[in-house]
There are 2 protein chains.
Amino acid sequence: MTNTNKEIPYKIYLEESEMPKEWYNVRADMKEKPAPLLNPQTLKPMTAQELGEVFCEELVQQELDDKNAYIPIPQEIRDFYKMYRPSPLVRAYCLEKKLDTPAKIYYKFEGNNTSGSHKLNSAIAQAYYAKKQGLKGVTTETGAGQWGTALSMACAYLELDCKVYMVKCSYEQKPFRREVMRTYGANVTPSPSETTAVGRKILADHPGTSGSLGCAISEAVEVATSTPGYRYVLGSVLNQVLLHQSVIGLETKAALDKYQITPDIIIGCAGGGSNLGGLISPFMGEKLRGEKDYRFIAVEPASCPSFTRGKFAYDFCDTGMVTPLQKMYTLGNNFIPSASHAGGLRYHGMSAVLSQLYHDGLMEAVSVEQTSVFEAAEMFARVEGILPAPESSHAIRIAIDEAMKCKETGEEKTIVFGLTGTGYFDMMSYEKFNDGIMKDYIPTDEELAAGFAGIPKFPGNEF
Amino acid sequence: MTNTNKEIPYKIYLEESEMPKEWYNVRADMKEKPAPLLNPQTLKPMTAQELGEVFCEELVQQELDDKNAYIPIPQEIRDFYKMYRPSPLVRAYCLEKKLDTPAKIYYKFEGNNTSGSHKLNSAIAQAYYAKKQGLKGVTTETGAGQWGTALSMACAYLELDCKVYMVKCSYEQKPFRREVMRTYGANVTPSPSETTAVGRKILADHPGTSGSLGCAISEAVEVATSTPGYRYVLGSVLNQVLLHQSVIGLETKAALDKYQITPDIIIGCAGGGSNLGGLISPFMGEKLRGEKDYRFIAVEPASCPSFTRGKFAYDFCDTGMVTPLQKMYTLGNNFIPSASHAGGLRYHGMSAVLSQLYHDGLMEAVSVEQTSVFEAAEMFARVEGILPAPESSHAIRIAIDEAMKCKETGEEKTIVFGLTGTGYFDMMSYEKFNDGIMKDYIPTDEELAAGFAGIPKFPGNEF
């Protein structure tokens, strides 16, 4: 819905002076707070001290803070943001024309930086707090490689050491990402690896595994907690990450407000939830406070359907069961999606914040198959020019579907979706699609049941 | 030089309303006009009719027009430009800090589109005029792949057929570019190929050749002139291309004028000259009209030194000697740079406009070796975030060198350079650099003499 006669430009950019100076913490406005992280030994909430063995101190505070709605963005981070932000909010005029829909479609494009995605928003924040604490370096995992690239960039900028465990199938399928990380000075190891105890165990139990984010997290956490001067950082799932990513939603809202545009539907792809959570946060805040109403749609792959087929339960965030327990929608910490699944979003769990919001009926979720995702990606690329990441293309798929519903009903709905990144390093997946040999994959109920069996059982964790 | 107290943002964006509505044709202000293209049989200037067998009609007019200073940009092209333009003019605050230089450094960043470079500016123009003429499709060559990708995008948008001959070494080293082009619906053939008479001849004469832009041009021209409903399009060198690329310089000038900034030095990499010519055109116009003075520096690879070691003579634009003759700085149409040369800019010749300007002392040129180029690229990537294309990094190298001279002298010069694109598809070259196995290559005088021997001899073509 647009209450203005002003012509909407193709791209709405904010001035530097209009860029957010504070992150927005949606937990502050949630009546039902996300459940606390639990210590898997004691089953009691993790203390700041316990979390401080894994994470930087200031990030622990952010992780636990469900009271303060606004957290100032340090000037150093705002300066870094200026190098690649504000990102444009694009009016998809060409896509609308191609679909011949009365819907107005906008996308917030986060791909115009070398990491190729929104991940840099949290990478610079986490690297900044590590540097501020006087640490020597950080460890992390990466899947498709966006997060590892983003963290490498942030660490190069701040002159911090950076050790990246990269999911093996991505390491092999995306060697160029490895070179980008190396150009930024990072150490990159394929996961599971022989360099950690947990990696050796996973390799022994699952010889020939193509890896998973869960495995790689276990390895990175082990190295961080066993190496003096290092902490672990994570690119998604955590509350702190959603907080940092709120910059996406805040910029989106500021750009829409500038033209008095009120969206009807806001759509984002969901792996661990960082983009979706960041994009919807300020809008969800309005909904939680009863000021406005919006439809929010999380889009996940049918091959890794955490929201739509997972359980809302306490589970480990990693395969090696070394992390705290988090209450979330999960497929089970030992669920590893089929290697034929090309489109990212391979994580078994989901952000606790988003899980709670979904559980409380404040958000919808749908799953889509990858060939239909690449069909949407190709159409989008040809008319809008941008070659989207497979992850982002999940959101494109549903944005197109919703726009086509408007065509049927004649409704002029305003649809906003998150275009989280570019697909330049995903050309092997595109090649499969171009060659017509891409396969869809939907886990059977039996396969899912095997995953659920890995979720820890204890009183209060019924599902 | 900056005559303002206004704070300069990291990125200066123009509003859509401030975007150029006309291209600027620098030839109109040149006292010494570039020499006309010659028919190689008759040695007489090519007529519009002769050129029309190869190029679209309206592009032929632009090619021959050295009178009109401003050519309106058709609305359809301006609409396409809005999808990825204006490109930002970035103040390199972080690079300045890293170098500890009093110089003010700006770069015009053309990489924020899927083709990854400035090439899209001319691709959409050429595709538009082909479509307007009712053609079925276009043929072209591509080296590193930016031009082919750009043309594929433009053709997909306008629903034109697109046949691309890709220099074989790039085709093999950069398979992902091929998939981007295929995603946009183009046909891509490695050159030299068996699909054309000229390709078969080159393969017979030079078995195992890794190809060159010159070869690929010959093949694309042959297909265009022998297939009804097709014309040939070229991504650099031509006057029309420099005209379209003037949008880079016009935007740069508008952005600088907005903050009353006058550059002292303007730097661009030079292969065929499209970026450099586009960037400097409006500034060169002021210099030609005696309104202002600037230093212009063309930067070329030491391995393909057209300006700094070439001859100013009439030569073929391609290896197969099927094109008209152009007066330009050339290494000889049969010069093919060493395959160890990773950094793009492999063309034997140079834009006639830039050649004339250089010949008349209005512009400087320097050559640089590739390891020093990648050193500059790595430093730039780490502090400015953007991973630059090897081509663009030639300009970065000299911008850094000039900024370091300012550090010695204490001068606060304002340096502007063209950052023509991103290096996401050049990670194999970066890998060589990261592994410390990149080699420099400078052709010997004997190797150059062999190239010069291929330049046609006729009265008036002494060199």
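Please read all numbers here as calculations on a predicted model, not as lab measurements.

Section: the overall build of chain A
Right, so step 1: The helix and strand inventory of chain A stands at 18 helices and 15 strands.
Right, so step 2: Whereas a compact globule of 463 residues would reach a radius of gyration of roughly 23 Å, chain A reaches 21 Å, a difference of no more than 12%.
Right, so step 3: Summarising its shape, the C-alpha atoms of chain A cover approximately 60 × 50 × 50 Å along the three principal directions.
Right, so step 4: Buried residues in chain A amount to 67% of all 463 residues.
Right, so step 5: When contacts within chain A are restricted to residue pairs at least 6 apart in sequence, those whose partners lie at least 24 apart make up 76%.
Right, so step 6: On chain A, the mean spot of the 47 positive side-chain charges and the mean spot of the 57 negative ones are 2 Å from each other.

Observations regarding empty space enclosed by the protein
All names here are of chain A.
Right, so step 1: Enumeration according to the criterion identifies 16 cavities of 30 Å³ or more in this entry.
Right, so step 2: Considered as a void within the structure, the largest cavity measures approximately 570 Å³ in volume.
Right, so step 3: As for the largest cavity, its lining consists of 41 residues, and the residues nearest its centre are Lys119, Ala144, Leu213, Leu345 and Glu391.
Right, so step 4: At the level of elements, β6 (137-142), α6 (146-158), α7 (168-173), α10 (213-226), α12 (274-288) and α16 (390-409) are the ones that each hand at least two residues to the lining of the largest cavity.
Right, so step 5: The element best represented in the lining of the largest cavity is α7, accounting for 3 residues.
Right, so step 6: Residues of the lining of the largest cavity, tallied by class, amount to 15 nonpolar, 21 polar and 5 charged.
Right, so step 7: If you add up the space inside the second largest cavity, you get close to 260 Å³.

Side note on helix α17 (residues 427-434) of chain B
Right, so step 1: Taken as a whole, α17(B) has its buried residues at Met427(B), Ser429(B), Tyr430(B), Phe433(B) and Asn434(B). Projected down its long axis, α17(B) shows its buried positions confined to an angular sector of 155 degrees, all on one face.
Right, so step 2: Against the buried residues of α17(B) lie α8 (175-183) of chain A together with α15 (370-384) and α16 (390-409) of chain B.
Right, so step 3: Note on α17(B): the residue one or two positions beyond its end, Gly436(B), has a positive phi of about 70 degrees.

Re the interface of chain B and chain A
One widely used convention gives an interface's size as the accessible area the parts lose upon coming together.
Right, so step 1: Opposite the 45 residues of chain B that make contact, chain A presents 45 residues.
Right, so step 2: Between chain B and chain A, a total of about 4100 Å² is buried, with carbon and sulfur atoms accounting for 56% of that surface.
Right, so step 3: The largest contributions to the chain B side of the interface with chain A come from Phe176(B), Thr183(B) and Tyr424(B), which together make up 17% of the buried area.
Right, so step 4: Taken together, chain B and chain A are joined by 6 salt bridges.
Right, so step 5: With its nearest N and O atoms 3.5 Å apart, the salt bridge here joins Arg178(B) to Glu431(A).
Right, so step 6: Applying the counting rule to chain B against chain A returns 22 residue pairs in polar contact (both at pLDDT 80 or more).
Right, so step 7: With 6 residues, helix α8 (residues 175-183) of chain B is the largest single contributor of residues to the side of chain B that touches chain A.

Looking at the side chain of Asn275(A)
Right, so step 1: For Asn275(A), the location among the structural elements is in helix α12.
Right, so step 2: Setting aside chain neighbours within four positions, we find Asn275(A) in contact with His118(A), Ile248(A), Gly268(A), Cys269(A), Gly418(A) and Thr420(A).

Remarks on unusual backbone geometry
Right, so step 1: The peptide bond linking Arg85(B) to Pro86(B) adopts the cis configuration, its omega dihedral lying at -5 degrees.
Right, so step 2: Tracing the backbone through its elements, the reader meets Pro86(B) in the loop between α3 (75-84) and β4 (89-91).
Right, so step 3: With a phi close to 55 degrees, Asp100(A) is a non-glycine residue in the positive phi region.
Right, so step 4: Among the secondary structure elements, Asp100(A) is positioned in the loop between α4 (93-99) and β5 (104-109).
Right, so step 5: Backbone geometry at Met321(B) places phi at a positive 55 degrees, although glycine is not the residue there.
Right, so step 6: Among the structural elements, Met321(B) can be located in the loop between β12 (311-316) and β13 (325-330).

Some thoughts on the relation of the copies chain B and chain A
Right, so step 1: Each copy of the sequence occupies a distinct position, and chain B is placed on chain A by a rotation of 180 degrees and an axial shift of 0.0 Å, giving an RMSD of 0.0 Å. Taken together, these values place the two copies in the relation of a two-fold axis. Minimal C-alpha separation from the rotation axis in chain B is found for Asn112(B), amounting to 3.0 Å.
Right, so step 2: A high fraction, 100%, of the interface residues of chain B reappear at the interface in chain A, so the copies pair face to face through one surface.

Topic: the pattern of salt bridges
Right, so step 1: All told, the structure shown has 56 salt bridges over all chains when counted by the stated rule.
Right, so step 2: The shortest N-O distance in the salt bridge between Asp29(B) and Arg289(B) comes to 2.9 Å. You can see Asp29(B) sitting in the loop between β2 (22-24) and α1 (48-52) and its partner Arg289(B) sitting in the loop between α12 (274-288) and β11 (295-301), a full 260 residues away along the chain.
Right, so step 3: Among the charged side chains, a network of salt bridges with common partners joins Arg178(A), Glu179(A), Arg182(A), Glu431(B) and Asp435(B).

Comments concerning the sheet that holds strand β15 (residues 414-419) of chain B
Residues and elements named next belong to chain B.
Right, so step 1: Ordered by their spatial adjacency, 7 strands build an open sheet running β1-β4-β5-β15-β10-β11-β14, and the pairing between neighbours is mixed. Here the strands that pair on one side only, and so sit at the sheet edges, are β1 (11-12) and β14 (364-368).
Right, so step 2: When β4 meets strand β5 (residues 104-109), the two strands line up antiparallel, connected through 3 bridges. From the neighbouring strand, arginine 91 faces β5, where its bridge partner is tyrosine 106.
Right, so step 3: Those strands touched by α15 are β4, β5, β14 and β15, and its axis lies near 95 degrees from that of β14.

Quick word on the confidence of the model for chain A
Right, so step 1: In the predicted model, chain A carries a mean pLDDT of 94, and the fraction of residues at 70 or more is 98%.
Right, so step 2: In the model output, the complex is listed with pTM 0.94 alongside ipTM 0.92.

Quick notes on the sheet that holds strand β9 (residues 230-232) of chain B
Strand pairs in the sheet, formed through backbone hydrogen bonds, run parallel or antiparallel to each other.
Residues and elements named next belong to chain B.
Right, so step 1: The strand order across the open sheet formed by 4 strands is β8-β7-β6-β9, and the pairing between neighbours is parallel. The sheet is open, and its two edges are formed by β8 (187-191) and β9, each paired on a single side. Neighbour-to-neighbour, the strand axes of the sheet open up by a mean angle of 25 degrees, direction not taken into account.
Right, so step 2: Pairing between strand β6 (residues 137-142) and strand β7 (residues 161-167): 6 bridges, direction parallel. Its bridge partner being in β7, threonine 140 is matched across the sheet by valine 164.
Right, so step 3: Relative to the sheet, helix α6 (residues 146-158) contacts β6 and β7, its axis offset from that of β6 by approximately 160 degrees.

Focus on the packing of helix α2 (residues 57-64) of chain B against helix α5 (residues 120-132) of chain B
Residues and elements named next belong to chain B.
Right, so step 1: Axis separation between α2 and α5 bottoms out at 8 Å; the angle between their running directions is 130 degrees. Judged by the inter-axis angle, α2 sits oblique to α5. Of the residues in α5, those touching α2 at Glu58, Leu59 and Gln62 are Gln126, Tyr129 and Lys132.

Quick word on the environment of Gly361(A)
Right, so step 1: Position of Gly361(A) among the secondary structure elements: in the loop between α14 (352-359) and β14 (364-368).
Right, so step 2: Distance in space between the C-alpha atoms of Gly361(A) and Ile77(A) is 34 Å, their sequence separation being 284 residues.

A few points about the packing of α8(A) against α17(B)
Right, so step 1: The interhelical angle for the contact between α8(A) and α17(B), taken along N-to-C directions, is 45 degrees, at an axis separation of 9 Å. Relative to α17(B), the element α8(A) is oriented oblique. The two elements α8(A) and α17(B) meet at a crossing, and its hand is left-handed. Across the interface between the two elements, Phe176(A), Arg178(A), Glu179(A), Val180(A), Arg182(A) and Thr183(A) from α8(A) touch Met427(B), Met428(B), Tyr430(B), Glu431(B) and Asn434(B) from α17(B).
Right, so step 2: Of the residues in the contact of α8(A) with α17(B), the class split is 5 nonpolar, 2 polar and 4 charged.

So, the pairing of strand β12 (residues 311-316) of chain A
All names here are of chain A.
Right, so step 1: With respect to burial, β12 is a largely interior element, 5 of its 6 residues being buried.
Right, so step 2: In this structure, β12 lies alongside strand β13 (residues 325-330), joined through 6 bridges in antiparallel fashion. Within β13, the position partnered with lysine 311 by the bridge is threonine 330.

Conventions used here
- Residues numbered from 1 in each chain as written.
- Chains lettered and ligands numbered in written order.
- Predicted model: local features only at pLDDT ≥ 70, side-chain atom pairs only at ≥ 80, totals over all residues.
- Heavy atoms only, no water.
- Helix = DSSP H or I, 4+ residues; strand = E, 2+ residues; numbered from the N terminus.
- Rg over C-alpha atoms; globule rule 2.2 N^0.38 Å.
- Buried < 20%, exposed > 50% of the residue type's maximum accessible area, 1.4 Å probe, protein only.
- Contact = heavy atoms within 4.5 Å.
- Lys, Arg positive; Asp, Glu negative; His and termini not counted.
- Charge placed at Lys NZ, Arg CZ, Asp CG, Glu CD.
- 1 Å grid on protein atoms, 1.4 Å probe; cavity = no way out; pocket = protein on both sides within 12 Å on 5 of 7 lines; lining within 4 Å.
- Points joined across faces, edges and corners; volume = space filled by probe spheres on them.
- Nonpolar A, V, L, I, M, F, W, Y, C, P; charged D, E, K, R; others polar.
- Arc of directions from axis to C-beta.
- Buried area = accessible area lost by both parts, 1.4 Å probe.
- Salt bridge = Lys/Arg side-chain N within 4 Å of Asp/Glu carboxyl O.
- Polar contact = N/O pair within 3.5 Å; in protein donor to acceptor, adjacent residues only side chain to side chain.
- Least-squares fit on C-alpha atoms with pLDDT ≥ 70 in both.
- Pairing = 2+ DSSP bridges.
- Axes fitted to C-alpha atoms, helices over the stretch in contact; angles between N-to-C directions.
- pLDDT = per-residue confidence, 0-100.
- Parallel < 35°, antiparallel > 145°, perpendicular 65-115°, else oblique.
- Left-handed = near helix turned anticlockwise from the far one by under 90°.

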